Amino acid sequence: MDLVAPHEQFCSFHHFNRGGARTCSFKGRVLDNTVPRPFVLSADSVSQFRKLKGSRSKKYLGNRVFAVSKFETSGLNGNGKLQHFGRTPNRDWNGMESSTNGVNDSRNMDEFESNYHLRKLVRNGQLEEGFMLLERMIYLGNIPDVIACTGLIRGFCRAGMTKKATRIMEILEDSGAVPDLITYNVLIGGYCKSGEINKALELLERMSVAPDVVTYNTILRSLCDSGKLNQAMEVLDRQLQRECYPDVITYTILIEATCKESGVGQAMKLLDEMRSKGCKPDVVTFNVLINGICKEGRLDEAIKFLNNMPSYGCQPNVITHNIILRTMCSTGRWMDAEKLLSDMLRKGCSPSVVTFNILINFLCRKGLLGRAINILEKMPKHGCTPNSLSYNPLLHGFCQEKKMDRAIEYLEIMVSRGCYPDIVTYNTLLTALCKDGKVDVAVEILNQLNSKGCSPVLITYNTVIAGLSKTGKTECAVELLEEMCRKGLKPDIITYSSLLGGLSREGKVDEALKIFHDLEGLGIRPNAVAYNSIMFGLCKSQQTSHAIDFLDHMIAKGCKPTEATYTILIEGIANEGLAEEALDLLNELCSRGFMKKSSAEKVAVKM
């Protein structure tokens, strides 16, 4: 809301500013299109002109001069006096007197048609085509439509292409068209979204129209999200100097940032400041404070704050209750969580899907699957349809208890109720199946994912490849590796480590070595698991001396050996009939601290 309090009443805000000097200069520009302006050839135009040769440069310069001449003199009558002319709602120039030779009419028609085409391209999302048309219009001296250019800026900002958005703003400003507040706000929003806060601040200082509270809120949100609360307070000071007063959104942004940086106590002072200036906090403001209180571990105080909200003239909503409910569950206060749910229903605050999912997730983590199912079945009675996040904890719980039949049963129930599993659902099932040794079922499910409209991701393939490698089915694992590469998924060190381990266990050490040496070309740095797998394969094939060479290679590459590394080598030496030498090495490693005494004793027993 806009505040009507005079500027002087906001002086107490300054104690939040942790910076030094408060001075700032505003270089706002007011453009009057009815006043003749001197023709100034921009640096860009000069550079562009110099690049052109011969007749083309003459044509270009002529067009530029004609364009500026048309714009500068279009508001003058035959006596050199200014005429009045207006703009249509779509911001096209009208009311110009036609010259006797009809040139102005022709150029105005070209400009109108170009802008019409530009708006159409923007509506259709053809940003690059729109940008090219805009550049051509400027070349011909046309004045672009501000609304169309704003749409173009918005499109490029959404695509993260702020350089082109900036260029469009420059074109607008140089063409004689005057960007409005919406145009500036869109570009500032684009800068903030892409993390270019300094560019947003620079644009704020040179805007040709006065910024509004939306402009400042966008910048303040970006600064606060980046942890720059002090700088945000400095911007707020400049906002107040311009007599643009903060609204409830402004305060809420600052209160949230203050909670994170300085704690709830300091944020409460800002709440008092807000209320004293006649700006009424809303439920979002209170939710921010309650969330901060919960994060500080003061759950009882948060519950008290919740109960007192009506006395502040604000009713808590479902999000307020969800914040406290999640904290209750995370601290194990299940009875309080049940009571809170009952209170919500009694007060007429309908729980949401998120409310029920918080409870289901908590109960499943505690192994209380029966209670979780009861909550799930109650959801439709309260107007809530379970989603994949409602079923996934149940499936995970059944998998943890190795009740795969129940997990598959609830997967079928989920689908029968019109709730389609997501990749998390399938990854949960695949992990459990592979751990249970049911790799063939896992492969079958993996092959069906695309037909179910659920594309497998890296972790999906890694899970099944690991399962196949552990059960001696490396040929199938290699086929999956090739399949994921064809689909554009890039294998990582986890993928290759699983495969190397499987190949080494199967005695396919040469194949494992080939894959290992290919890793460097793929830009993947082997980890200790990958080195250990190769050393295990070499020792298993009675090539312990080569395994020791591999240890040298491992250390030279900056990969630190683990206890497993030394255990593999010691057992390899012993298996080659050198048990005494292996025992001596074991004692030496133990005395030097490379192996724990307990680990060394386990190795010695095996020998």
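Residues numbered from 1 in each chain as written. Predicted model: local features only at pLDDT ≥ 70, side-chain atom pairs only at ≥ 80, totals over all residues. Heavy atoms only, no water.

Engineer: What should I look at first to understand the overall build of the protein in this one?
Structural biologist: A count of helices and strands for the protein gives 31 helices and zero strands. Per-residue burial over the protein gives 47% buried out of 607 residues. Considering only residue pairs separated by 6 or more positions, the protein has 62% of its internal contacts joining residues 24 or more positions apart. Accessible surface computed for the protein: about 31,100 Å², of which carbon and sulfur atoms make up 54%. (Helix = DSSP H or I, 4+ residues; strand = E, 2+ residues; numbered from the N terminus. Buried < 20%, exposed > 50% of the residue type's maximum accessible area, 1.4 Å probe, protein only. Contact = heavy atoms within 4.5 Å. Areas by Shrake-Rupley, 256 points an atom, 1.4 Å probe, with all protein chains shown as cover.)

Engineer: Whenever I open this one, the environment of Ser175 confuses me. Can you help?
Structural biologist: Mapping Ser175 onto the fold places it in helix 6 (residues 162-175). Looking at Ser175, the relative accessible area reads 15%, which means it is buried. In this view, Ser175 contacts Ile138, Ile143 and Pro144; residues no more than four positions away in its chain are not counted. Engagement of the side chain of Ser175 in a polar contact is seen with the backbone oxygen of Leu172, the distance being 2.9 Å. At a separation of 3.2 Å, a polar atom in the side chain of Ser175 contacts the main-chain amide nitrogen of Ala177. (Polar contact = N/O pair within 3.5 Å; in protein donor to acceptor, adjacent residues only side chain to side chain.)

Engineer: Is there a simple way to explain the side chain of Thr327 in this structure?
Structural biologist: Along the polypeptide, Thr327 turns up in helix 15 (residues 318-330). For Thr327, a relative accessible area of 14% corresponds to the buried category. A distance of 3.0 Å separates a polar side-chain atom of Thr327 from the backbone oxygen of Ile323. Excluding anything up to four places from it in sequence, Thr327 contacts Cys294 and Leu299.

Engineer: I would appreciate a short explanation of the packing of aromatic side chains in the present structure.
Structural biologist: Aromatic rings in a pair are described by how distant their centres are and how their planes are angled relative to each other. Per the counting criterion, the structure on display carries ten aromatic pairs. A ring pair is formed by Phe305 and Tyr312, whose centres lie 6.0 Å apart and whose planes are at 45°; its orientation type is tilted. On the basis of relative accessibility, which here comes to 33%, the residue Tyr312 falls in the partly exposed class. Taking 5.8 Å as the distance between ring centres and 50° as the angle between the ring planes, the aromatic pair formed by Tyr566 and Phe594 counts as tilted. Taken together, the positions of Tyr566 in helix 29 (residues 563-575) and Phe594 in the loop between helix 30 (579-591) and helix 31 (597-606) put the pair 28 residues apart, joining distant regions of the chain. Judged by its relative accessible area of 12%, Tyr566 falls in the buried class. Connected via pairs of aromatic rings, a cluster forms that spans Phe286, Phe305 and Tyr312. The ring of Phe131 carries the charged tip of Lys164 above its face, separated from the ring centre by 5.0 Å. (Phe/Tyr/Trp six-rings, centres within 6.5 Å; stacked < 30°, edge-to-face > 60°. Lys NZ or Arg CZ within 6 Å of the ring centre and 35° of its normal.)

Engineer: I would appreciate a short explanation of the pattern of salt bridges in the present structure.
Structural biologist: Between side chains of opposite charge, a pair can form when the charged atoms approach closely. Here the structure, examined in full by the defined rule, presents 24 salt bridges. Taking the shortest distance from any N to any O, the salt bridge between Glu409 and Arg406 comes out at 3.1 Å. Of this pair, Glu409 and Arg406 are both found in helix 20 (residues 404-416), three residues apart, which corresponds to roughly one turn of the helix. What makes Arg406 partly exposed here is its relative accessible area of 33%. Three or more residues are tied together by salt bridges with common partners; here these are Glu135, Arg167 and Glu170. (Salt bridge = Lys/Arg side-chain N within 4 Å of Asp/Glu carboxyl O.)

Engineer: Whenever I open this one, helix 11 (residues 248-262) confuses me. Can you help?
Structural biologist: Between the first and last C-alpha of helix 11 there are 20 Å, a value that for 15 residues agrees with the 21 Å anticipated at 1.5 Å per step. Those residues of helix 11 that sit buried are Val248, Thr250, Tyr251, Thr252, Ile253, Leu254, Ile255, Ala257, Thr258 and Cys259. Of the surrounding secondary structure, the elements contacted by the buried residues of helix 11 are helix 9 (213-225), helix 10 (229-241), helix 12 (264-276) and helix 13 (283-295). Taking the backbone nitrogen of Ile249 as reference, a side-chain oxygen 3.1 Å away marks Asp247 as the first, capping residue of helix 11. (Expected span 1.5 Å × (residues − 1).)

Engineer: Would you explain empty space enclosed by the protein in this entry?
Structural biologist: One way to see where empty space is left: roll a probe the size of a water molecule over the atoms. Evaluated as defined, the whole model comprises two cavities of 30 Å³ or more. By volume, the second largest cavity amounts to about 30 Å³. Secondary-structure elements contributing two or more residues to the lining of the second largest cavity are helix 9 and helix 11. Here the lining of the second largest cavity is built from residues that sort into three nonpolar, no polar and four charged. (1 Å grid on protein atoms, 1.4 Å probe; cavity = no way out; pocket = protein on both sides within 12 Å on 5 of 7 lines; lining within 4 Å. Points joined across faces, edges and corners; volume = space filled by probe spheres on them. Nonpolar A, V, L, I, M, F, W, Y, C, P; charged D, E, K, R; others polar.)

Engineer: Any chance you could explain a negative patch on the surface here in plain terms?
Structural biologist: A cluster of acidic residues, Glu475, Glu479, Glu482 and Glu511, forms a negative patch on the protein surface. By residue number, the principal contributor to the negative patch is helix 24 (residues 474-486), which donates three residues. Tracing the backbone shows Glu482 in helix 24. (Patch = residues over 30% accessible without salt bridge, like charges linked within 9 Å, V, L, I, M, F, W, Y side chains within 5 Å. Lys, Arg positive; Asp, Glu negative; His and termini not counted. Charge placed at Lys NZ, Arg CZ, Asp CG, Glu CD.)

Engineer: Help me understand a positive patch on the surface, please; the structure alone is not making it clear to me.
Structural biologist: Among the surface-exposed residues, Lys402, Lys435, Lys470, Arg505 and Lys540 lie close enough to one another that they form a single positively charged patch. Mapped onto the elements of the fold, Arg505 is located in helix 25 (residues 493-505). On the basis of relative accessible area, Arg505 is assigned to the partly exposed category, the value being 40%.

Engineer: What exactly am I supposed to notice about the packing of helix 28 (residues 544-556) against helix 29 here?
Structural biologist: The relative placement of two packed helices comes down to the angle between their axes together with the axis-to-axis distance. The contact between helix 28 and helix 29 brings their axes to 9 Å, and the two run at 160°. In terms of axis orientation, helix 28 runs roughly antiparallel to helix 29. Crossing geometry of helix 28 relative to helix 29 is assigned as left-handed. Each of Thr544, Ala547, Ile548, Leu551 and Met554 in helix 28 lies in contact with helix 29, whose residues at this interface are Thr565, Leu569, Gly572 and Ile573. (Axes fitted to C-alpha atoms, helices over the stretch in contact; angles between N-to-C directions. Parallel < 35°, antiparallel > 145°, perpendicular 65-115°, else oblique. Left-handed = near helix turned anticlockwise from the far one by under 90°.)

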